[in-house]
Amino acid sequence: MHSIYLKRLIAAVTVLVAVAQLSAQDKILANADYKNPKLAVEQRVSDLVNRMTIEEKVGQLTTLLGWKMYTKTGDKVKASQELKNAIQNQKIGALWGVLRADPWTQKTLVNGLNPELAAKATNAIQKVAVEESRLGIPLFLAEEAMHGHMAIGTTEFPSAIAQASTFNPELNEKMGAAVAVELRAQGAHIGYGPILDLAREPRWSRVEETFGEDPYLIAQMGLGVIKGFQGDGINDSEKVISTLKHFAAYGVSEGGHNGGAVHIGQRELMQDYMYPFKKAIDAGALSVMTAYSSVDGIPSTSHKGLLTGLLREQWGFTGFVVSDLGSIEGIKNDHHAAATLEEAAALAMNAGVDADLGGNGYDDALLTACKDGKVTETRLDEAVKYVLRLKFEMGLFENPYVDLKKPKQVVRNAAHIAIAKQMALEGVTLLKNEGDLLPLSKNLKNIAVIGPNADAMYNQLGDYTAPQDPEYIITPLEGIRAKMPNATITYVKGTAIRDTIQTDIPAAVAAAKNAEIAIVVLGGSSARDFKTEYLETGAATVASKEDELLSDMESGEGYDRSTLDLMGKQLELLKAVEATGTPTILVLITGRPLLINWPAKNIPAIIDTWYPGSQGGHALADVLFGDYNPAGRLPVSIPRSVGQTPVYYNHWWPRRRDYVEESSKPLYAFGHGLSYTTFEYSTLKISQSGTDESTQIEVQVTVKNTGEVAGDEVVQLYLIDEVSSVVTPVKQLRGFERIHLAPGESKTVKFVLTPEELALYNAEMKHVAEAGSFEVQIGASSQDIRLKDSFELTETILLKSK
């Protein structure tokens, strides 16, 4: 009996001692420097890191998939047991995609979260992180955000390729600010975007996510997003951290295969592919994501020369580097550049990857690598500090929670929808308008609207799109019906994007015969469905059972193409409609350039909208019926054939010779886009001032609207380095401005060129603007050049790294 009492007494004393120790520890932590907002950020960071165990440090660099971290019952939501386990056992520092909804996550309009519930969920998640962990470190919550927050109930903006067609960085900034507000209102802190990859391989599945083929355009459009996301500082409760994607040269892999090997030289890498990233880092972007691909044999996620040598040491980047999902494991599993996961983790960490997206790349593997001496604690501490520093700067330790009333006020509000509409309008690109068929008369009585993309809401939204209420997505058919309420609108789908069973061309022909005009809406789709199979990275796999209908998806991550033809029976449908003799307009909704040789020869009017977002139908109708004068410009060249690719305009010397079968020139060139009015260019002036790096070349040109309607013109400046010590592009975009002119109105447009716009990497890989003659070309596209003149740079200027 005495032994039982003694055991109970010992147990009770043990509990009391433990409680007393915890209480003492709590008191110590309550007064810890890292919890004192009055102290400098660096002091708080150092104090916290010094208190962390190695397990807590590794955990802080782990970002798990977030949609498993809550449970929803009716209109109630709470943190899941899986989250509590991750906080207790893995000591995690971040989650990705908590609010993501799509077929991969299996989150729908029914079991996913609307914005109000999203705020409740993230608050519940943060409560666990702060109150049920030893150090009370709040989580970073990262979300996909390239064309709007990828979550239910948010604003769906046009895809990046459509954003680029606006040639309007200021509009991108407005969009970025709107997305940031929606993210923060729901509890997120990091927006994945912008994507700064060059789209020079149209077979690649992710062209739609880029700003096109030109480094300068990509940089300018990307800077707009970054400014909108981060503003004047992330201590603003309506701003988020911008994560640049994908470092580096991701979009030009062999054969257009997503994540494949990239073979480019160091000069091309620096001159073209790094140009947008350097601009973004100089502008203060705070996070960078690695790429799945390899560059010259080194996986991007273990490329120390790029991640540390270039990004950190040369460019002075102070934010954190995160792997793309599963790309640390990919060093071993995909690239076969590591024998074990421990070795892969060590390679990534030592190369400069600070955080692991997915949670399977670091975790136990990095912990083992640290304990085995393959990664120093100094390097581990450095990575942790990069992450924690931004948590402190954002103010998460003082306030990790969000106002539950705010989502209803700001998410998908009227102002944000208006931005989406304006962006869709400005991105609509008129490729052809023979006989001024457009704009259409509002006196039309019978209109045929035909095609698989005429009334398919998800086909116009692009990849990385969450389920949305159809009420907020306006298809072309809906837009035309709203615009022409008194006309008879006959709709026939005609065929599917890929599937050939769902075809009724005779019905489309009948509708066209009975109409005054036929509007045929074709193209592609990145719409995922719940039958699609996925890799661990979230990329879709191209698989279909023989007895099942094919989905429309022919673009989007994982859907690389070997041809660029309109798929299925789309071209057959278009030919049949055109053969009726009814005037026919082709509208393209697509995520990549498609081959449209036959339409370009036979269809009088062609419009490209890319993926125009939620307001695409209204924007298209405004353009079709003359309420908006189109001024979109192609951010990528449209080839004549796959064999002609790559066909980007700014290839390096020498000039390309024609093929036996066809011209070497694209069907439609970079920068091309027509208007309902005409513009005249005159009075090109060039002046020069300053010396060395302060040298400035000012270029002025006068543009006049010589037509009868108001409209926008995108004035483009191209530069040719006439003689250089190394081979350079035949021409390069180095300035553009979108201006609005009333009929008869003139404006003087000014551009300022600095040595950076003139520079190249010479034989010694020094960044220099070489002395010599430069030709300035001003025009409406890369091929439609209206004025030319030259200037002389008298001295070679060495550019110093910032």
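For clarity, every value in this text was computed on a predicted model and none was experimentally measured. Note that residues are indexed from 1 along each chain, following the sequence as it is written. Whole-chain, interface and lining totals are the exception, using all residues; otherwise, since this is a predicted model, local features are given only for residues with pLDDT of at least 70 and side-chain atom pairs are given and counted only at 80 or more. The basis for the side-chain values is all heavy atoms of the structure; hydrogens and waters are excluded.

A look at the overall build of the protein
Put simply, the rule is: By definition, any uninterrupted DSSP run of H or I lasting at least four residues is a helix, any uninterrupted run of E lasting at least two residues is a strand, and each is numbered from the N terminus. C-alpha atoms define the radius of gyration, and 2.2 Å times the number of residues to the power 0.38 defines the globule rule. For every residue, the accessible area obtained with a 1.4 Å probe (protein chains only) is divided by the maximum for its type, and the residue is called buried under 20%, exposed over 50%, and partly exposed between those limits. Two residues qualify as a contact provided that any one of their heavy atoms is within 4.5 Å of a heavy atom in the partner residue. Only the protein chains shown count as cover for residues, with accessible areas throughout obtained via the Shrake-Rupley method and a probe of 1.4 Å.
When you go through the protein residue by residue, the secondary structure sums to 23 helices and 31 strands. What you see for the protein is a C-alpha radius of gyration of 28 Å, in line with the 28 Å of a compact globule of 802 residues. Expressed along its principal axes, the backbone C-alpha trace of the protein runs to roughly 105 × 65 × 45 Å. Sorting the 802 residues of the protein into buried and exposed places 62% on the buried side. A fraction of 77% describes how many contacts in the protein between residues 6 or more apart in sequence connect residues 24 or more apart. Entry remark: accessible area of the protein is about 30,200 Å², with carbon and sulfur atoms responsible for 50%.

Regarding the environment of glutamine 88
Mapped onto the elements of the fold, glutamine 88 is located in helix α4 (residues 81-90). Using a relative accessible area of 38% as the deciding quantity, one classes glutamine 88 as partly exposed. Taking the C-alpha atoms as reference points, glutamine 88 and valine 128, separated by 40 residues in sequence, lie 9.7 Å from one another.

Some remarks on the packing of helix α2 (residues 41-51) against helix α15 (residues 377-394)
Two quantities define a packed helix pair, namely the angle between the helix axes and the distance between the axes. To be explicit about the condition: Between N-to-C directions, angles span 0 to 180 degrees; the directions come from axes that are lines fitted to C-alpha atoms, helices contributing only their stretch in contact. Should an angle fall under 35 degrees it is taken as roughly parallel, and over 145 as roughly antiparallel, whereas 65 to 115 is taken as roughly perpendicular and any remaining angle as oblique. Crossings are classed by handedness, with left-handed meaning an anticlockwise turn of the near helix from the far one by less than a right angle and right-handed meaning a clockwise turn.
At a minimum axis distance of 9 Å, the contact between α2 and α15 shows a crossing angle of 130 degrees. If you check the angle between α2 and α15, you find them oblique. Between α2 and α15 lies a crossing of right-handed hand. Counted together, Val41, Glu42, Arg44, Val45, Ser46, Leu48 and Val49 of α2 and Asp381, Val384, Lys385, Leu388, Arg389, Phe392 and Glu393 of α15 form the full contact between these two elements.

Digging into the nonpolar core
Put simply, the test is: The set of buried Ala, Val, Leu, Ile, Met, Phe, Trp, Tyr and Cys residues whose side-chain atoms join them within 4.5 Å is what this entry labels a nonpolar core.
Counting residues in hydrophobic clusters, the biggest one holds 157 residues, and the most contacted among them are Phe140, Phe247 and Leu366. Those residues in contact with phenylalanine 247 that sit more than four places away from it in its chain are Met274, Phe277, Val288, Met289, Thr290, Ala291, Ser300, Leu306, Leu307, Leu310, Leu311 and Trp315. Within the second largest apolar cluster, 31 residues are counted, among which are Ala454, Leu477, Ile585 and Leu624.

Considerations on helix α9 (residues 266-273)
The buried fraction of α9 is high, at six of eight residues. Of all the positions in α9, only Glu268, Leu269, Met270, Gln271, Asp272 and Tyr273 are classed as buried. Summarising the contacts, the buried residues of α9 are in contact with α8 (215-230), α10 (275-282), β10 (294-295), α11 (304-314), β25 (732-741) and β27 (760-761).

Re the sheet that holds strand β8 (residues 261-262)
Heads up, the condition is: Strand pairing is assigned whenever DSSP identifies at least 2 bridges connecting the two strands.
Strand order across the open sheet formed by three strands is β8-β10-β11, with mixed pairing between neighbours. Looking at the sheet topology across the chains shown, the edges are occupied by β8 and β11 (298-299). As paired elements, β10 and β11 share two bridges and run antiparallel to each other. Residue pairing across strands places valine 295 opposite isoleucine 298, the latter belonging to β11.

Concerning the packing of helix α13 (residues 341-351) against helix α14 (residues 363-371)
Note the following rule: Under the scheme applied here, ten amino acids are nonpolar (Ala, Val, Leu, Ile, Met, Phe, Trp, Tyr, Cys and Pro), four are charged (Asp, Glu, Lys and Arg), and all others, including Gly, are polar.
Across the interface, α13 lies against α14 with an axial gap of 8 Å and an inter-helix angle of 75 degrees. Overall, the two elements α13 and α14 adopt an arrangement that is roughly perpendicular. Only Ala365, Leu366, Thr368 and Ala369 of α14 make contact with α13, whose side of the interface consists of Leu341, Glu342, Ala345, Ala346 and Met349. Among the residues forming the contact of α13 with α14, the class breakdown is seven nonpolar, one polar and one charged.

A look at the packing of aromatic side chains
Just so we agree on the cut-off: Each Phe, Tyr or Trp ring, with Trp reduced to its six-membered ring, pairs with another whose centre is within 6.5 Å; inter-plane angles below 30 degrees give stacked pairs, above 60 give edge-to-face pairs, and intermediate values give tilted ones.
Tallying each qualifying case throughout the model produces 16 aromatic pairs. When the centroid spacing of 5.3 Å and the interplanar angle of 85 degrees are considered together, the rings of tryptophan 204 and tyrosine 250 count as edge-to-face. Highlighted residues: tryptophan 204 in the loop between β6 (190-195) and α8 and tyrosine 250 in the loop between β7 (241-247) and β8, separated in sequence by 46 residues. Each member of the pair, tryptophan 204 as well as tyrosine 250, is classed as buried. On the basis of an interplanar angle of 80 degrees and a centroid distance of 6.3 Å, the ring pair of phenylalanine 247 and tryptophan 315 is categorised as edge-to-face. With phenylalanine 247 in strand β7 and tryptophan 315 in the loop between α11 and β12 (320-322), this pair connects stretches of sequence that are 68 residues apart. With a relative accessible area of 1%, phenylalanine 247 lands in the buried category.

Section: the environment of glycine 462
Here glycine 462 lies in the loop between β15 (446-450) and α18 (476-483). C-alpha of glycine 462 to C-alpha of serine 525: the two residues are 63 residues apart in sequence and 6.9 Å apart in space. With near-sequence residues (within four places) excluded, glycine 462 lies in contact with Glu208, Ser526 and Tyr611.

Concerning the pattern of salt bridges
As a working rule, side chains carrying opposite charge can pair if their charged atoms are close by. For the record, the criterion: Here, a salt bridge means any side-chain nitrogen of Lys or Arg that lies within 4 Å of a carboxyl oxygen of Asp or Glu.
Across all of its chains, the model carries 35 salt bridges by this definition. Glutamate 554 is paired through a salt bridge with arginine 561; the nearest N and O atoms lie 2.6 Å apart. Put simply, aspartate 712 and arginine 738 hold a salt bridge, and the shortest N to O gap is 2.9 Å. With aspartate 712 in strand β24 (residues 711-721) and arginine 738 in strand β25, the pair connects residues that are 26 residues apart, well separated along the chain. A single salt-bridge network, built from bridges that share partners, covers Lys421, Lys442, Lys483, Asp622 and Asp627.

Examining empty space enclosed by the protein
Worth spelling out the cut-off: Using protein atoms alone on a 1 Å grid, points that fit a 1.4 Å probe yet trap it form a cavity, whereas open point sets bounded by protein on both sides within 12 Å along at least five of seven lines form a pocket; residues with an atom within 4 Å of a point count as lining. Grid points are joined across faces, edges and corners, and a volume is the space filled by probe spheres set on the points.
Taken as a whole and assessed by the stated rule, the structure comprises eight cavities of 30 Å³ or more. What the largest cavity holds in volume is close to 110 Å³. As for the largest cavity, its lining consists of 15 residues, of which Thr63, Ala94, Ile190, Phe320 and Ala355 are closest to the centre. For the lining of the largest cavity, the secondary-structure elements that each account for two or more residues are β1 (62-65), β4 (94-96), β5 (140-144), β6 and β12.

Some thoughts on the sheet that holds β24
Reading across from one edge, β25-β24-β29-β30 is the order of the four strands in this open sheet, with antiparallel pairing throughout. For this open sheet the edge positions go to β25 and β30 (785-793), each flanked by a neighbour on one side alone. Taking the axes of each pair of neighbouring strands and ignoring which way they run, one obtains an average angle of 20 degrees across the sheet. Both β24 and β25 contribute to a ladder of nine bridges, which runs antiparallel. The residue of β25 that forms the bridge with glycine 711 is leucine 741.

Concerning unusual backbone geometry
A cis amide bond links phenylalanine 247 with the next residue in sequence, alanine 248, at an omega value of 15 degrees. The topology assignment puts alanine 248 in the loop between β7 and β8. Despite not being glycine, alanine 249 shows a phi value in the positive range, around 55 degrees. Looking at the element boundaries, alanine 249 is found in the loop between β7 and β8.

Comments concerning the pairing of strand β3 (residues 76-79)
Here four bridges tie strand β2 (residues 70-73) to β3, and the two strands are oriented antiparallel to one another. Bridged to lysine 72 within β3 is valine 77. Once β2 ends, the chain turns through two residues before running back antiparallel as β3, passing glycine 74 with a positive phi of about 65 degrees.

Quick notes on α11
Those residues of α11 not exposed but buried are Leu306, Leu307, Thr308, Gly309, Leu310, Leu311 and Arg312. Residue glycine 316 follows α11 closely and has a positive phi angle near 75 degrees.

Observations concerning the side chain of arginine 412
Note the cut-off: When charges are counted, Lys and Arg contribute as positive and Asp and Glu as negative, whereas His and the chain ends are disregarded. Identification of polar contacts relies on pairs of N or O atoms within 3.5 Å, with a donor-acceptor requirement for protein atoms, meaning one able to donate a hydrogen and the other able to accept it, and with residues adjacent in sequence counted only if both atoms are side-chain atoms.
For arginine 412, the position within the fold is in the loop between α16 (406-410) and α17 (414-427). One buried charge, arginine 412, has no salt-bridge partner; the nearest side chain with opposite charge is aspartate 469, at 5.2 Å. In this structure the side chain of arginine 412 is engaged in a polar contact, spanning 3.5 Å, whose partner is the side chain of glutamine 468. Here arginine 412 is in contact with Gly153, Thr154, Thr155, Glu182, Ile417, Gln468 and Tyr472, once residues within four sequence places are set aside.

Considering the pairing of β30
The side chains of a regular strand alternate between the sheet's two faces. Here strand β29 (residues 772-779) runs beside β30; their pairing, made up of eight bridges, is antiparallel. By the bridge assignment for β30, valine 776 is matched with aspartate 789. Here β29 folds back onto β30, and the loop between the two strands holds five residues.

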